[in-house]
Amino acid sequence: MPRPRSPLSRLFTVLLAGLLAGLVLAVAALPGNLLAGVAAKAALGAYGELPAALRTPATPQRSYLYANDGTTLLTTFYDVNRTDVPLAEIAPVMRQAIVAAEDRRFYSHGGADLRGLARAVVANVTGGAAQGGSTLTMQYVRNVLKTDPGRTAEQRQAATEQTVGRKLQEIRYATALEDTLSKDEILNRYLNIAYFGSGAYGIAAASQRYFGKAPAGLTLGEAALLAGLVQSPDEYSPIDGDADAALARRGYVLDAMVDTGVISEARAAQARAEKLTLKPTAQPNGCAATRTGDAGFFCDYLRRWWLEQPAFGATAEEREQALRRGGYRVVTSLDPKVQATAAAQARKVYADDDARALPIAAVEPGTGRVLAMAVNRQYGVAEKQTVNPLISGGGSVEGYQAGSTFKLFTMLAALEAGKPLATGFDAPSRLPTRYAAEGEASCDGRWCPANANPERMDGYRMMWDGFGRSVNTYFVWLAEQVGQDKVVEMAQRLGITFRAEADAAFAADNAANWGAFTLGVAATTPLDLANAYATVAAEGTYCAPTPVVSVTAPDGTKVPVGQPSCKRVLEADVARAATDAARCPVGQQSAYGQCNGGTAGGVDRIVGRPVAGKTGSSEQNATETFVGFTPQVAVAGIAANPDDPSDAVGGAVQTKVIDAVARIIRAAVDGQPVRDFTAPSRELAGNPQRPEPPRPSPREREREIPSDILRWLQERRS
C-alpha cells in the first residue's frame, strides 16, 4: 500500500515535474551512457564547488577505548553509532544488495539518473507508488550534508527539505562527486553513512547491531535484509520495528539481485527460506557501560583527562564532541589483569552496598601510566551507584587522610637536606612541640603528639626503624629539624594535590607551622598517593599520571597525547635511601641491615620479591591506608567512608587493606622479571651505630640473678 504524501511533497513533485517535463521525452530516446555523461550537466548547467564535507567526509563515528593490550574493549563513546570500514572489509553480497535495492543503474549513470528521476516524477504525478528517484550518490550527498558537524543546525535541516532548489543542488553535487571519485569509493562512503535503523549508522555498526559480526562475514540473506532497511529504517527494523516488513523487504532485495543478474534464482530462493536469526548486539556507550573489570571509574578518569587536552579542541565542549563523534581509537593504560584483581580485592574488604569503601589505584613507575582504578562501588547514576571520582578525586571528592604514609615526605626532605638514614633520636612516648594546641593532644598548651604503641615505638630510633615501626614522635622531631614547609613542598613536588580548601590554604599561607602534616592529616587520594610512591620507586623521576598509551585518529595518524610526561624531582640517591628504609615496614631487610620490625610484615611473604611500602592510620583509625611498591608498580588503597569522615573504619581493617594491596602488587608483577632496588650510598646511609644501653650497676645486676643462685654466690663470698 503506497505511503501518503504530504502536501509539500506533492507540490515539490509538481514543480520538479514542470522542470523535467521537457526532459522526459529526451530521456526516453537517449541511451543510458549519454544520460550519465551529458544530459544531467546540459539540463542543469554548471555545478558549484563541492563543500569540504563532501570532499573530505567528517561523518560522526564511534570512539573506541581499549585496555593496554590493544584488543580488550572497555567501552565506546558515540552520539551516532558508526564506524567506517574500507570496501574490502564489506562482503561482496552486501555491496551487490545495496546497489540492487537502491540504485540498479549505479554503475552506468553519472550521479543523477534522469531516467530514474523521470520515472519517479511520472509515478508520483499519476498517483502511483511514491518514488524518490535519488541515486546512491545523491543519497550520500544528502546524508553528508544533514550530519556534517561543520554546518549549523539550520543548514543540516535544509539538507532534507522538499524543495526544488535543494534537489537541484543535490544533483549538482552528485555529478561533481562522480567526476571526482570512483564508483567504488562512492559506494564505500554510502555504506559507511547510511542509516540502518536501531541506532546503527553505517554497515559496520549495522552488522554488529543485528547479527553480532563484522560486515565481511555477512551472508546473502543477512545482506539482503540490511539493504532493505535503508528505505525506511525505523519502520522495517526487525529489532525495533516490524520483523515481517523486514522479511518482505529482504524478499524484494533478493528479487532485485536476481533481476540484475548478480545471483541466481536458486540462491535467492535458498536465502528467502532462511529463518530470521538475529543476534542483537548493543554497543556500549560511555563509562557506565564499561565491559571489563568494573573499569567505569577509570573510564571516567580518562574522560576528565580528555576534556583537558587541547589536542581535541579549544573548549571542553569541543573536546567532548571529539570523543563522541571523532572516531578515535584509544589504547588506554589499564591492565585488565591488575584491574580485575583490584576490583576483586576491594570487594573482599567491603561489599558494594557497604557505606565504607576501599578505593585503590595502581601506577607504573617511570611512565605514570595508571594500570588500575577500583573501588567496591558500581559506576553509574542508578540507585546505589555513583559517578563521584572516589579514586582520583575532583568535584566534591577532596580525598581522605592517609596517616603515616606522609612520613615518607618528611624522610625525603631530611635526606635531601643532608641528614643520613642513620640520623638518631631517642623518641619519647610524647613529644612537646612549639605549636599551640588544646585538648588531649596538648601538653601545657602545646601540641604533644604521642606514639600509638609506646612499647614498640619508644626509644632510640633512626630513619630505618622509625619508618618501619611508624614512630610518630621520631618523625615529628625530624620534621622540625628540616622545617615543616620543606616537608609540605616535598609532598607537592611528588604530586600530592590539596583539594580541600583548608589544606590548600594551610599549605599556601602557613606551611612552616603545619606540625601535624607528617602524620598525614591532609586529604589525598589513592591515585595521588600511589603516584608519589611511584616517583620514589622510579628513583626520583616524577611522571604525571596518564590513562592513555596512544590515541589514533580515523585517518590512522597518531594524536600527540598520552606520552609519559616525566621530570626528575629528587636525586636518585635520595630516592634510593628512602626506598631502603621503606623495606622495613613490609618485613624485608635494608641494604644496611637496620630493619628491626614493621607494621606490614606479611607483605614480603605475599609479594615474594623486593618490595617496599608504608602503612597509615589516621586519628582514631578513621581511615586505614597501605601503599606498596616494587620497581615496576606502586599501589595505594585507603579504607574510608567517602560520605561520612566521622565514621571510623577501625584499626582491624588495616590487615585486610595490606593484604589486598599486596595481592594486587603480586598480580601486577606476575610474569615480569624480578628487579631489586639499588642500595643508597654510604654517605646517605650514614654510620648506623646504635648507642649501647647503659651498663647496670652491681646491685641492678644482682636483681637479674635468680634468687637461689644469688644465695649460693653470697654464701661463697662469706
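Everything below is about the structure shown above.
No experiment lies behind these values; they were computed from the predicted model shown.

## What about the pattern of salt bridges?
(1) Moving on: As enumerated under the stated definition, the model contains 25 salt bridges in all.
(2) Moving on: The shortest N-O distance in the salt bridge between Asp-294 and Arg-347 comes to 3.1 Å. Note that Asp-294 is positioned in the loop between helix H14 (265-273) and helix H15 (296-306) and Arg-347 in helix H17 (residues 336-349), a separation of 53 residues in sequence.
(3) Moving on: On the basis of relative accessible area, Asp-294 is assigned to the partly exposed category, the value being 35%.
(4) Moving on: The exposure class of Arg-347 is partly exposed, given its relative accessible area of 24%.
(5) Moving on: Two residues, Glu-489 and Arg-493, come together in a salt bridge whose shortest N-O distance is 2.8 Å. Here Glu-489 and its partner Arg-493 are both found in helix H22 (residues 484-493), 4 residues apart, which amounts to about one turn of the helix.

## Here we look at unusual backbone geometry
(1) Moving on: Unusually for a residue other than glycine, Ser-198 sits at a positive phi of about 55 degrees.
(2) Moving on: With respect to the secondary-structure elements, Ser-198 resides in the loop between helix H9 (183-193) and helix H10 (203-211).
(3) Moving on: For Ser-198, a relative accessible area of 12% corresponds to the buried category.
(4) Moving on: Notably, Asn-621 is not glycine yet its phi reads approximately 55 degrees, a positive angle.
(5) Moving on: Structurally, Asn-621 can be placed in the loop between strand S17 (612-617) and strand S18 (624-629).
(6) Moving on: Overall, Asn-621 belongs to the partly exposed group, its relative accessible area being 29%.

## Comments concerning the side chain of Thr-623
(1) Moving on: Topologically, Thr-623 is positioned in the loop between S17 and S18.
(2) Moving on: Apart from residues no more than four positions distant in its own chain, Thr-623 is found in contact with Tyr-400, Gln-401, Gly-616, Ser-617, Ser-618, Ile-638, Ala-639, Ala-640 and Val-649.

## Structural notes on the environment of Ala-289
(1) Moving on: One can find Ala-289 in the loop between H14 and H15.
(2) Moving on: Residue class for Ala-289 comes out partly exposed when judged on its relative accessible area of 25%.
(3) Moving on: Along the primary structure Ala-289 and Thr-76 are separated by 213 residues, whereas in three dimensions their C-alpha atoms are 8.4 Å apart.
(4) Moving on: Here Ala-289 is in contact with Leu-74, Thr-75 and Pro-284, once residues within four sequence places are set aside.

## Focus on the packing of helix H6 (residues 136-147) against H9
(1) Moving on: Across the interface, H6 lies against H9 with an axial gap of 9 Å and an inter-helix angle of 50 degrees. Compared by their axis directions, H6 and H9 come out oblique. Note on packing geometry: the crossing formed by H6 with H9 is left-handed. Contacts between H6 and H9 involve Leu-136, Thr-137, Gln-139, Tyr-140, Asn-143, Val-144 and Thr-147 from the former and Ile-186, Leu-187, Arg-189, Tyr-190 and Ile-193 from the latter.

## Some thoughts on the pairing of strand S2 (residues 73-77)
(1) Moving on: The buried fraction of S2 amounts to 5 of the 5 residues, a majority that puts the element mostly inside the structure.
(2) Moving on: Of the strand pairs in this sheet, strand S1 (residues 63-66) and S2 are connected by 4 bridges, and their pairing is antiparallel. In the strand pairing of S2, Ser-63 is matched with Phe-77.
(3) Moving on: In this structure, the hairpin formed by S1 and S2 is closed by a connection of 6 residues, where Gly-70 is found at a positive phi of approximately 75 degrees.

## Brief notes about the nonpolar core
(1) Moving on: One finds Trp-306, Phe-409 and Met-411 to be the most contacted residues of the largest nonpolar core, which totals 110 residues.
(2) Moving on: For this core, the element with the highest residue contribution is helix H24 (residues 526-537), accounting for 8 residues.
(3) Moving on: With residues up to four places along the chain from it excluded, the contact list for Trp-306 reads Phe-312, Arg-319, Ala-322, Leu-323, Tyr-328, Val-330 and Val-551.
(4) Moving on: Membership of the second largest hydrophobic core comes to 62 residues, among which are Val-99, Tyr-236, Leu-254 and Ala-268.

## Regarding the layout of surface pockets
(1) Moving on: Each pocket or cavity is described by its volume, and for the second largest pocket that value is around 1100 Å³.
(2) Moving on: Lining the second largest pocket are 44 residues, and of these Gln-61, Asp-84, Gly-326, Gly-327 and Pro-554 sit closest to its centre.
(3) Moving on: Of all the secondary-structure elements, those providing two or more residues to the lining of the second largest pocket are S1, H9, H10 and helix H16 (316-325).
(4) Moving on: Among the elements that take part in the lining of the second largest pocket, H9 stands out by supplying 5 residues, more than any other.
(5) Moving on: For the lining of the second largest pocket, the class distribution of residues is 20 nonpolar, 14 polar and 10 charged.

## A short note on the sheet that holds strand S15 (residues 548-552)
Hydrogen bonding along the main chain pairs the strands of a sheet, whether they run parallel or antiparallel.
(1) Moving on: Read from one edge to the other, the open sheet built from 4 strands follows the order S2-S1-S3-S15, with strand pairing classed as mixed. Sheet topology places S2 and S15 at the edges, where each strand pairs with a single neighbour. The mean inter-strand angle of the sheet, taken between neighbouring strand axes irrespective of direction, is 15 degrees.
(2) Moving on: Of the strand pairs in this sheet, S1 and strand S3 (residues 329-332) are connected by 3 bridges, and their pairing is parallel. Residue pairing in the sheet places Tyr-64 in a bridge with Arg-329 of S3.

Parameters at a glance
- Residues numbered from 1 in each chain as written.
- Predicted model: local features only at pLDDT ≥ 70, side-chain atom pairs only at ≥ 80, totals over all residues.
- Heavy atoms only, no water.
- Salt bridge = Lys/Arg side-chain N within 4 Å of Asp/Glu carboxyl O.
- Helix = DSSP H or I, 4+ residues; strand = E, 2+ residues; numbered from the N terminus.
- Buried < 20%, exposed > 50% of the residue type's maximum accessible area, 1.4 Å probe, protein only.
- Contact = heavy atoms within 4.5 Å.
- Axes fitted to C-alpha atoms, helices over the stretch in contact; angles between N-to-C directions.
- Parallel < 35°, antiparallel > 145°, perpendicular 65-115°, else oblique.
- Left-handed = near helix turned anticlockwise from the far one by under 90°.
- Pairing = 2+ DSSP bridges.
- Core = buried A, V, L, I, M, F, W, Y, C linked by side-chain atoms within 4.5 Å.
- 1 Å grid on protein atoms, 1.4 Å probe; cavity = no way out; pocket = protein on both sides within 12 Å on 5 of 7 lines; lining within 4 Å.
- Points joined across faces, edges and corners; volume = space filled by probe spheres on them.
- Nonpolar A, V, L, I, M, F, W, Y, C, P; charged D, E, K, R; others polar.

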